[in-house]
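Commentary on secondary and tertiary structure
So the chains spell out like this:
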Amino acid sequence: MTFLNAPDAIGRDLPRRDGRAKVLGTAVYAYEAAAENAAYVCPVQAAIARGRVTELDTTEAEALDGVAAVLTPATVERLASIDDRELAALQDDEVAFRGQVVAAVIADTSETARHAAALIRVTYAQEPHDTELRADREDLYAPEQVNPSFPTDTTEGDVEAAMAAAEVTVEQTYTTAMNHNNPMEPHATTALWDPAGDGLLTLWDSTQGVHPTRTAVAGVFGLDEAQIRVVCPYVGGGFGSKGQPHVNVVLAALAARALPGRPVRLALTRQQMFSLVGYRTPTIQRCSLGADRDGTLTALALDVVEQTSRIKEFAEQTGVPARIMYATANRRTTHRLAALDVPVPSWMRAPGECPGMFGPEVAMDELAERLGMDPIDLRIRNEPAVEPGSGKPFSSRNLVGCLREGATRFGWSQRDPRPGTRRRGAWLVGTGVAASTYPVNRMPYSTAVIRREGDRYVAEIGASDLGTGTWTTLPQIAADALGVPVSRVDVRIGDTDCPTASVAGGSSGMTTWGSAVVEAARALRERYGNEPPDGAEASGSVGRPNDRYAMHAFGAQFAEAHVNTDTGEVRVPRLLGVFAAGRIINPRTARSQFIGGMTMGLSMALHENSVLDPRSGHVVNHDFAEYHITANADVREIEAHWLPEHDPHVNAMGSKGIGEIGIVGTAAAVSNAVWHACGVRVRDLPITLDKVLPALEEREEGEDEPKR
């Protein structure tokens, strides 16, 4: 598909079309859907990590004025399918993890619902539980595949022999913490069953995919998909946690079923979200690198241990990016899982690539240190000519360009490679670098319809806008495909009444939905010419991806870290990223995504840590008072840049997806900068002062000893 005229809209720095509504507060979110006489739902959560509920005393709750119903396993309707045990709300008395929903209250106000929920007395038959992730567990197992469908293990050459023969080696263990998605808009649903009794269900849900949500809910309730409508014009952030429905959506639908014709609203509290809507599994990464003295990699191995839930498996693809980043003849990646009495892990921004680049990219920095080599030069030396493993040519690969451009912008040439040599008062200063990558994902289905309405064109597709800019960028794509000014194009998204669209996940949105919009424009032009009559419409669907090429976005992350010599406190005043992510549809929304990802990566590096007490299975810091995230004051300067990249193989727009690559590599760059600042290598995230200070004290004591 070629564009009718020279593209005018794509690449323009246009303001967000939804910006005004959001700033003025007129954008309607799931919990605010227009619904008269709505009731409110509050879940009751298990206080044990494993066992059974033996008694639910709901007497006081039911007697409370304003309580409409109490849902328990004894009173709730049976679901048609409980194959997905995460969604099997109140279907039995088993407790599989702390925080699981064991009952729910429906009341006239949210305050009454919460009060009544606190009055329910739950008695348990508690069983021994296990919530501790360790690499030496005897019950670790290999999943059949890792998310979404990658091989669990890969092997090329002979890693053991290559490591034994290597002139320089690095063999270290790196860990990433359990992290929880915390979008500003909590997971929320308004649900209504048609009062006519014809089985129609409407869900106003905060979701990254209205059609995937409809499909999942239809399966759980045994309904035809045509009986369900899901509406979601705006999402206040998702970061993967809203990529698939969790138990709260089913619970809202069950509650609405108990009150036919009356809408119900359910918004999870911040604390409840730490148990019910997924999280990023902690990882233990054993990384081995072998190299010749000139820096040529001779071996690379990444062996990953993660956790999953006993009731539903999720295997994060942590080892996958190590399969394609650098050239070497000997490579191994493995994944092993521990099935624990914990909530179900799930997607979190850049699953796989984000945690999976931490260990290898810090290991590359350690290898550069041992070689006495610049870490940028080491990465460039090991640039592969084709994609390792598959042997496919890259559609484009500009990692080297990102590293060199970033080095120039960051002032890398002025860097003294010796650690602990720069000081500003009580602060030691260092800089670090790491690479980023993310695959170009195109989902197998999505359909768009374009219609002429008067003097305007309307593109309809059930896409979602998580704040990423879909309301703005889809009109830009449609305008250029139609050959008309972007001011004449509107879109309708976020509703299952629109044509089917895939989930907003894997940085696949524009690649998938944009391709469908271009195909619909092509069909409209072919059928009606360049001036279709009023009412003319055509549809188009995303085509098969070009599988002859390996398609990835790449980037380079640079960080400046300051470490206080007295307290061990770490500050990162400067981040800079340079990315090669294909054609940029809208520079304004793109920069926002890159910076947002880098900020989230800094949060992962310095703050985010879900502290699970193994005695209770409880994440004890389950609110914003104690689960720390990066704020504006945590970094003074963030820059995001990109290289002009023409890649005709990825799709008609030439775009690659930018929502997730910004977070990838950031934490490793920060860790490497901390080492350069003070000579202390922190291999376990987050990088907190308790990990820096003891090593810093030991280092300074060693320096004070008389030289012999």
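This report concerns the structure included in the present document.

The rules behind these values
The numbering scheme is per chain: residues are counted from 1 as the chain's sequence reads. With the structure being a predicted model, the display of local features is reserved for residues of pLDDT at least 70 and the display and counting of side-chain atom pairs for 80 or more, all residues being used for whole-chain, interface and lining totals. Only heavy atoms go into the side-chain values, all of them from the structure, while hydrogens and water stay out. What counts as a helix is a DSSP run of H or I of at least four residues, what counts as a strand is a run of E of at least two, and both are numbered from the N terminus. Put simply, the radius of gyration uses C-alpha atoms, and a globule should come to 2.2 Å times the residue count raised to 0.38. For the exposure calls, accessible area comes from a 1.4 Å probe over protein chains only, and a residue counts as buried if that area is under 20% of its type's maximum, exposed if over 50%, partly exposed in between. The contact definition used throughout considers only heavy atoms, calling two residues in contact when any of these lie within 4.5 Å. Under the counting rule used here, the positive set is Lys and Arg, the negative set is Asp and Glu, and His together with the chain ends is not counted. A charge is said to be at NZ when it belongs to Lys, at CZ for Arg, at CG for Asp and at CD for Glu. Strand pairing is defined by DSSP finding a minimum of two bridges between the two strands. Fitting a line to C-alpha atoms yields each axis, with helices limited to the stretch in contact; the angle taken between N-to-C directions then spans 0 to 180 degrees. For Phe, Tyr and Trp, rings pair up if their centres lie within 6.5 Å, where Trp contributes its six-membered ring, and each pair is then called stacked (planes under 30 degrees apart), edge-to-face (over 60) or tilted (otherwise). As a reminder, the over-ring test applies to NZ of lysine and CZ of arginine, requiring each to be within 6 Å of the ring centre and within 35 degrees of the ring normal. Only buried Ala, Val, Leu, Ile, Met, Phe, Trp, Tyr and Cys residues count toward a nonpolar core, and they belong to the same one when joined by side-chain atoms within 4.5 Å. Salt bridges are defined as contacts in which a side-chain nitrogen from Lys or Arg sits within 4 Å of a carboxyl oxygen from Asp or Glu. Patch definition: residues above 30% relative accessible area lacking any salt bridge, with like charges linked at up to 9 Å and the nonpolar side chains Val, Leu, Ile, Met, Phe, Trp and Tyr linked at up to 5 Å. Shrake-Rupley sampling with a 1.4 Å probe provides the accessible areas, and residues are treated as covered by the protein chains on show and by no other component. Expected span of a helix: the number of residues minus one, times 1.5 Å. Taking the helix axis as origin, the arc is that swept by the directions to the C-beta atoms. Here the angle decides the label: under 35 degrees means roughly parallel, over 145 means roughly antiparallel, 65 to 115 means roughly perpendicular, and every other value means oblique. Less than a right angle of anticlockwise turn of the near helix away from the far helix marks a crossing as left-handed, whereas a clockwise turn marks it as right-handed. Residue type decides the class: Asp, Glu, Lys and Arg count as charged, Ala, Val, Leu, Ile, Met, Phe, Trp, Tyr, Cys and Pro as nonpolar, and the leftover types, Gly among them, as polar.

Examining the overall build of the protein chain
Within the protein chain, the secondary structure is distributed over 16 helices and 28 strands. A compact globule built from 708 residues would reach a C-alpha radius of gyration of about 27 Å, and the protein chain, at 26 Å, matches this within 12%. Reported as C-alpha extents along the three principal axes, the dimensions of the protein chain are approximately 85 × 70 × 50 Å. A burial count over the protein chain gives 61% of its 708 residues as buried. Intrachain contacts of the protein chain at a sequence separation of at least 6 include 81% that bridge at least 24 residues. Charge separation in the protein chain, taken as the distance between the mean sites of 68 positive and 92 negative side-chain charges, equals 5 Å.

Quick look at the sheet that holds strand β19 (residues 427-439)
A sheet is described by the order of its strands in space; here five strands give the open sequence β18-β19-β24-β25-β28, paired in mixed fashion. Here the strands that pair on one side only, and so sit at the sheet edges, are β18 (422-424) and β28 (637-642). With strand direction ignored, the average angle separating the axes of adjacent strands in the sheet is 25°. Both strand β25 (residues 570-580) and β28 contribute to a ladder of six bridges, which runs parallel. Looking at the pairing, R574 lines up with E637 of β28. Along the sheet face, helix α11 (residues 399-410) touches β19, β24 (552-564), β25 and β28 and points at about 30° away from the line of β24.

Comments concerning the packing of aromatic side chains
This model, assessed by the stated rule, comprises 11 aromatic pairs. Ring plane angle 90° and centroid distance 6.4 Å describe the contact between Y174 and F358, whose orientation is recorded as edge-to-face. Of this pair, Y174 sits in strand β10 (residues 168-176) while F358 sits in helix α9 (residues 358-371), placing them 184 residues apart in sequence. Accessibility assignment for this pair places Y174 and F358 in one class, buried. Ring geometry for F594 against W642: centres 5.8 Å apart, planes inclined by 40°, an arrangement best described as tilted. Here W642 lies in strand β28 and F594 lies in helix α14 (residues 587-606), a separation of 48 residues in the sequence. Using a relative accessible area of 0% as the deciding quantity, one classes F594 as buried. Three or more aromatic residues joined by ring pairs form one cluster here, namely Y29, Y234 and W471. The side chain of R257 reaches across the aromatic face of W193, ending 3.8 Å from its centre.

Side note on the nonpolar core
In terms of nonpolar packing, the biggest core is built from 88 residues, with L289, L367, F558, F594, V670 and I687 touching the most fellow members. In contact with F558, not counting residues within four places along its chain, are I376, C402, L403, G406, A407, F410, W412, G432, V433, R574, L575 and L576. By size, the runner-up hydrophobic cluster in this structure holds 86 residues, among which are I106, L223, A478 and A538.

Quick word on the side chain of Q317
Along the chain, the position of Q317 falls in the loop between β16 (297-309) and β17 (331-340). Non-local contacts of Q317, meaning those with residues more than four positions away in its chain, are made with V146, N147, F150, H335, P351, G352 and E353.

Notes on the pattern of salt bridges
A full pass over the atoms with the stated rule returns 50 salt bridges. A salt bridge links R85 to E94, with the nearest nitrogen and oxygen atoms 2.8 Å apart. Taking relative accessible area as the criterion, R85 reaches 37% and is therefore assigned partly exposed. Since its relative accessible area comes to 34%, E94 is described here as partly exposed. Connected through salt bridges with shared partners, the residues R451, E453, E460, R492 and E537 form a single ionic network.

Thoughts on a negative patch on the surface
Where like charges cluster on the molecular surface, the negative patch consists of E55, D57, E60 and E62. Residue assignment for the negative patch shows that the elements contributing at least two residues are β2 (51-57) and α2 (59-63). Residue placement: E62 occurs in helix α2.

Thoughts on the sheet that holds strand β5 (residues 101-107)
What the seven strands build is an open sheet, ordered β3-β5-β1-β14-β11-β12-β13; its pairing is mixed. With one partner strand each, in any of the chains shown, β3 (67-71) and β13 (228-231) form the two edges of the open sheet. This sheet shows a mean twist of 20° between the axes of neighbouring strands, independent of strand direction. One ladder, built from five bridges, connects strand β11 (residues 188-193) with strand β12 (residues 201-205); its direction is antiparallel. Across the sheet, W193 pairs through a bridge with L201, a residue of β12. Of the strands in this sheet, β1 (39-45), β3 and β5 touch helix α3 (residues 110-119), which is tilted by about 25° from β1. In this fold helix α5 (residues 210-221) packs onto β11, β12 and β13, with an angle of close to 145° to the strand it touches most, β13.

Details of a nonpolar patch on the surface
Together, M184, F624 and I629 make up an exposed nonpolar region whose accessible area comes to about 300 Å². Of note, I629 is situated in the loop between β27 (618-619) and β28. Since its relative accessible area comes to 36%, I629 is described here as partly exposed.

Focus: α11
An ideal rise of 1.5 Å per residue puts 16 Å on 12 residues; α11 measures up with 16 Å between its terminal C-alpha atoms. Here α11 has its buried residues at L399, V400, C402, L403, G406, A407 and F410. For α11, the angular spread of buried residues about the axis comes to 160°, placing them on one side. Residues of α11 that are exposed and angled more than 90 degrees away from the buried face: R404 and T408. As for α11, its buried residues are in contact with α10 (375-381), β19, β24 and β25. Remark: G411 follows α11 within two positions and exhibits a positive phi of approximately 80°.

Some words on the packing of α5 against helix α6 (residues 247-258)
Their axes nearest at 11 Å, the elements α5 and α6 cross at an angle of 55°. In terms of orientation, α5 and α6 fall into the oblique class. In this structure, the crossing between α5 and α6 has a hand that is right-handed. Along its contact with α5, which presents V217, V220 and F221, the element α6 presents V249, V250, A253, L254 and R257. For the contact of α5 with α6, a count of residues per class yields seven nonpolar, no polar and one charged.

Considering unusual backbone geometry
For the peptide bond that leads from N147 to P148, omega is -10°, which places it in the cis range. Positionally, P148 belongs in the loop between β7 (145-146) and β8 (150-151). Note the cis peptide between L685 and P686, where omega equals 0°. Not every positive phi belongs to a glycine, and N37 is a case in point at roughly 55°. Looking at N37, the relative accessible area reads 56%, which means it is exposed. Positive phi outside glycine occurs at S507, with the angle close to 50°. Take S507: it is sitting in the loop between β22 (489-492) and α13 (509-528).

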